Amino acid sequence: MIFYAKDFGNAANFSECFAEAVKKLNNGDTISFENTEYHFFKDYSQNREIHMSNTDSLRNPNKYFAMLLENLEDITLEGNGAEFVIHGDICALGILNCKNITLKDFTIKYYSPSVVEMKVKSIEKKNVVFALPEHTQFNINENNIEFFEKSPFSDRVYWNYKNDENSFNQVVHIDKNVFRIPNDDGVFHKVKDIKKLSDSEIEITYSGKPKFISGAVYTITQNKNRNTSGVFVNESENISAQRLNINYLQGFGWLSQMCCNLSFEECNFVPEENRCVSSFADLIHISSCKGSVDIKKCNFAHPHDDAINIHGVFLRFKEKLDSKSAVFEFVHEQQGGYRAFHTGNKVKFYYRDSLEAILGEFTVKQAIDYIDGKSVSITFEEELPEDIEATYDGESNIVIENVTYCPDVEICDCKFEAIPTRGILCTTSGKVRIHDNSFSHILMSQIYISNDADEWYESGPVRDMEIYSNSFYKDFDESYEDSDSPVILIEPITLGGKIKAAVHRNIKIFSNNFETGKAYPVKAEGVENIGIFSNVFKGKAKIKLKHYATQNQKI
């Protein structure tokens, strides 16, 4: 059955209307929108206490959703060109415990993104005029600017911050060149006076000669607090995104967690006209998913972190309970708070100092989660490894990975550009094919294969990966930090920082075009059976293989 959005209320305030439409849905139904703007406000949005991987979720457990699908099957959101305009620092779309969800032909944008864009309009001696995008709200008090977004229905402030507080850094956009700078080199350093010229212009007088670049956009954000993700898909299966335009994602990105079978086709993750930021952090982030991940014919530009990141999660051994039971913990501050194991899942144990696997797979009989404690007690069908309590330099040396949640991946016919970090991060033991993509204006490595048991605890030893028929263009000059990062970097991260054995296996890199300047086209360590052949190089052609990287085919 088709339900028409217009029958549920006014598109100018559609949060509660959408919730009412969802209540009517049965399996196989469609909500059909018109080619117009639909506005969603935090005041009227649904909220849930739920945790999201790779965010500061434990500090922000209560999430708001402009649109929420929960416990549904065989549902289609047919956009017909609709634009969903989000008001507030909230998740635009949540899909929780659903199956067979199709998202088609709509745009997600935010009315007033919490990443504030300040474009250098003019520089005269020590005075700089900055232009701000439409709908940017701010107050000036002496030498402080308070940025905020305020509800049109009440005095409630959705979000606010002063200057660059709660921020690691600022991000600069100069056409397609995007890079991070320390706050001490940014907009609010050595400020002498601030004046409001209009609702969209600010003049700042500095105590010294400013070094800003005319026409560049300096962006300000509270990136120390990823309070939500822009789209969140959790414990769901067969989710298809088709012909979507994602202009901005609040807090993190499009996050899929503990899901099965995800596809993105002909989706544009790019900022809207007259803005230059597409995401607070990553664009597509896949954490501990299974089945297949297909990303085809998509465009990625101007996020503040990676375009695509696909990985599992290592949990560290904490305490042995009996011969078959132990407690394991999430370690990184931005992990935890969700169920990472189900009965029947297969688990592998690894040594952190080498990332070598302990022989065999272990089957989860029972998992008891301690959400607030960021830990889980697991009972296995099998006996625990004899050296489960092994240590290295005073730390637990054992981590586990849920190998049931390691997807096959295909990323093809996509365009990646204007990225201050990496294009693709991918660590999974499934079958991976990355082909017929173009990469340019990416500051760090364009493809990064890690497997990390010491910092981010993002897991995934590669077992079958092919990277072919791609175009890599490395074009940042040497004045930019990280500009010399290898185009393709394979670098496992161990406890102690040394590679003691091969971590990844069976990686082929062939039939690609590399235009790399002085950067290495490929740098790899800890790989057994790597094949690099039939590539075309312009610039440095040297391949750097070290530390248990063994090559099986000629360059």
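In case you missed it, the structure is sitting above this.
Counting restarts for each chain: residues are numbered from 1 in the order of the written sequence. Selection of residues for local features in this predicted model requires a pLDDT of at least 70, selection of side-chain atom pairs for listing and counting requires 80 or more, and totals for whole chains, interfaces and linings are taken over all residues. Only hydrogens and water are set aside; all other atoms, that is, all heavy atoms of the structure, feed into the side-chain values.

1. Topic: the overall build of the protein chain
Comment: elements are numbered from the N terminus, with helices defined as DSSP H or I runs of at least four residues and strands as E runs of at least two. Scanning the protein chain from terminus to terminus reveals 1 helix and 52 strands. C-alpha atoms define the radius of gyration, and 2.2 Å times the number of residues to the power 0.38 defines the globule rule. Its C-alpha radius of gyration of 24 Å places the protein chain within 12% of the 24 Å reference for a compact globule of 555 residues. The buried label applies to any residue whose accessible area, calculated with a 1.4 Å probe on protein chains only, is under 20% of its type's maximum; exposed applies above 50%, and partly exposed to all values in between. Scored against the burial criterion, the 555 residues of the protein chain give a buried share of 60%. Contacts: residue pairs with any heavy atoms within 4.5 Å of one another. In the protein chain, 68% of the contacts between residues at least 6 apart in sequence involve partners at least 24 apart. Throughout, the Shrake-Rupley method with a 1.4 Å probe supplies accessible areas, and for residues the shown protein chains are the sole cover considered. Carbon together with sulfur atoms contributes 41% to the accessible area of the protein chain, which is approximately 21700 Å² in total. We score Asp and Glu as negative and Lys and Arg as positive, and we do not count His or the chain ends. For charged residues, the charge sits on one atom: NZ in Lys, CZ in Arg, CG in Asp, CD in Glu. Distance between charge centres in the protein chain, computed from 60 positive and 81 negative side chains, equals 4 Å.

2. Details of the sheet that holds strand 13 (residues 157-162)
One requirement defines pairing of two strands: DSSP has to find at least two bridges between them. The strand order across the open sheet formed by 3 strands is 11-12-13, and the pairing between neighbours is antiparallel. Where the open sheet ends on each side, the last strands, each with one partner, are strand 11 (137-141) and strand 13. Across the sheet, the axes of successive neighbouring strands diverge by a mean angle of 20 degrees, strand direction being ignored. As judged from the 5 bridges shared by strand 11 and strand 12 (residues 144-150), these two strands associate in the antiparallel manner. Bridge pairing in strand 12 links Gln137 to Phe148. Axis geometry follows a simple rule: fit a line to the C-alpha atoms, using only the stretch in contact for helices, then measure angles between N-to-C directions, giving values from 0 to 180 degrees.

3. Some remarks on the sheet that holds strand 16 (residues 191-198)
The pairing of strands in a sheet comes from backbone hydrogen bonds and takes either a parallel or an antiparallel form. Pairing in this open sheet of 7 strands is antiparallel, and the strands run 15-14-18-9-10-17-16 from one edge to the other. Because the sheet does not close on itself, it has two edges, and the strands there are strand 15 (177-181) and strand 16. Across the sheet, the axes of successive neighbouring strands diverge by a mean angle of 30 degrees, strand direction being ignored. Where strand 9 (residues 116-124) and strand 18 (residues 217-220) come together, 4 bridges link them in antiparallel fashion. In the sheet register, Glu117 faces strand 18, and the bridge partner there is Thr219.

4. Re the side chain of Asn54
As for its placement among the helices and strands, Asn54 is situated in the loop between strand 4 (46-49) and strand 5 (62-70). A relative accessible area of 1% places Asn54 in the buried class. Here the side chain of Asn54 touches His285 through a polar contact of 3.4 Å, side chain to side chain. When residues no more than four places from it in sequence are discounted, the contact partners of Asn54 are Arg226, Phe252, His285, Ser287, His311, Gln334, Trp456 and Glu458. Whenever a nitrogen or oxygen atom comes within 3.5 Å of another N or O atom, the pair is scored as a polar contact, on the condition that within protein one atom can donate a hydrogen and the other can accept it, and that pairs from neighbouring residues in sequence are kept only if both atoms are in side chains.

5. Let's talk about the pattern of salt bridges
The salt bridge criterion pairs a side-chain nitrogen of Lys or Arg with a carboxyl oxygen of Asp or Glu, the two atoms within 4 Å. Counted by the stated rule, this structure contains 26 salt bridges. Close ionic contact of Arg226 with Asp305 constitutes a salt bridge, the shortest N to O distance being 3.2 Å. One end of the pair, Arg226, is in the loop between strand 18 and strand 19 (231-234); the other, Asp305, is in the loop between strand 27 (299-301) and strand 28 (308-320), with 79 residues separating them in the sequence. Here the two residues Arg226 and Asp305 agree in accessibility, since each one is buried.

6. Examining unusual backbone geometry
Most peptide bonds are trans, and most residues other than glycine sit at a negative phi. Phi is positive for Asp175, close to 55 degrees, though the residue is something other than glycine. Relative to the elements of secondary structure, Asp175 occurs in the loop between strand 14 (170-174) and strand 15. The residue Lys374 is not glycine, and still its phi comes out positive at about 55 degrees. With respect to the secondary-structure elements, Lys374 resides in the loop between strand 31 (362-370) and strand 32 (375-380). Since its relative accessible area comes to 14%, Lys374 is described here as buried.

7. Details of helix 1 (residues 15-23)
Note on helix geometry: an α-helix contains 3.6 residues per turn, so any two residues three or four positions apart are oriented the same way. Looking only at helix 1, the buried set comprises Ser15, Cys17, Phe18, Ala19, Ala21 and Val22. The inward-facing, buried residues of helix 1 contact strand 2 (30-32), strand 3 (37-41), strand 4, strand 5 and strand 6 (73-87).

8. Some thoughts on the pairing of strand 10 (residues 127-131)
The side chains of a regular strand alternate between the sheet's two faces. Pairing geometry for strand 9 and strand 10, over 5 bridges, is antiparallel. The residue bridging Glu124 from the neighbouring strand is Asn127, located in strand 10. Hairpin connection of strand 9 to strand 10: 2 residues between the antiparallel strands, including Lys125 at a positive phi of 55 degrees. Note: strand 10 against strand 17 (residues 201-206), 5 bridges, orientation antiparallel. Note on strand 17: the bridge partner recorded for Ala131 is Glu201.

9. Re the state of the cysteines
Here, disulfide denotes a covalent bond that connects the sulfur atoms of two cysteines. Counting rule for disulfides: a pair of cysteine sulfur atoms within 2.5 Å. Counted by the stated rule, this structure contains 0 disulfides. Of all cysteine sulfurs, the one in Cys298 lies closest to Cys414, which takes part in no disulfide; the gap is 4.8 Å. For the unlinked cysteine Cys426, the closest cysteine sulfur is that of Cys406, found at 11 Å. The class of Cys426 is buried, set by a relative accessible area of 1%.

10. Structural notes on the nonpolar core
For soluble globular proteins, the rule of thumb is that nonpolar side chains tend to be buried together. To qualify as a nonpolar core, a set must consist of buried Ala, Val, Leu, Ile, Met, Phe, Trp, Tyr and Cys residues joined through side-chain atoms within 4.5 Å. Trp254, Phe300 and Phe416 are the most contacted members of the largest nonpolar core, which has 101 residues in total. Setting aside residues no more than four positions away along its own chain, Phe300 makes contact with Phe269, Leu283, Ile284, Ile295, Ala307, Ile308, Cys414, Lys415, Phe416 and Glu417. Of all hydrophobic cores here, the second largest spans 29 residues; its members include Val120, Phe130, Ile181 and Phe188.

11. Quick look at the environment of Leu132
Here Leu132 lies in the loop between strand 10 and strand 11. Leu132 gets classed as buried once you look at its relative accessible area, which sits at 6%. Sequence-wise, Leu132 and Ser198 are 66 residues apart; in three dimensions their C-alpha atoms are separated by 9.9 Å. Excluding anything up to four places from it in sequence, Leu132 contacts Val116, Glu117, Met118, Phe138, Phe147, Ser200 and Ile202.

12. Section: the environment of Ile400
The topology assignment puts Ile400 in strand 35 (residues 398-402). Residue Ile400 is classed as buried on the basis of its relative accessible area, which comes to 0%. Note: C-alpha distance between Ile400 and Lys346 (54 residues apart in sequence) is 10 Å. If near-sequence neighbours (up to four positions away) are discounted, Ile400 is found in contact with Val313, Phe314, Leu315, Phe328, Phe341, Val347, Lys348, Phe349 and Ile378.

13. Notes on the packing of aromatic side chains
Think of it this way: a Phe, Tyr or Trp ring, Trp meaning its six-membered ring, pairs with another when their centres are within 6.5 Å, and the plane angle makes it stacked under 30 degrees, edge-to-face over 60, tilted otherwise. A full pass over the atoms with the stated rule returns 38 aromatic pairs. Measuring from centroid to centroid gives 4.9 Å for Phe300 and Phe416, while their planes differ by 10 degrees, and the two rings are stacked. Of this pair, Phe300 sits in strand 27 while Phe416 is found in strand 37 (residues 415-419), placing the two residues 116 residues apart along the sequence. Ring geometry for Phe328 versus Phe380: centroids 6.3 Å apart, planes at 85 degrees, classification edge-to-face.

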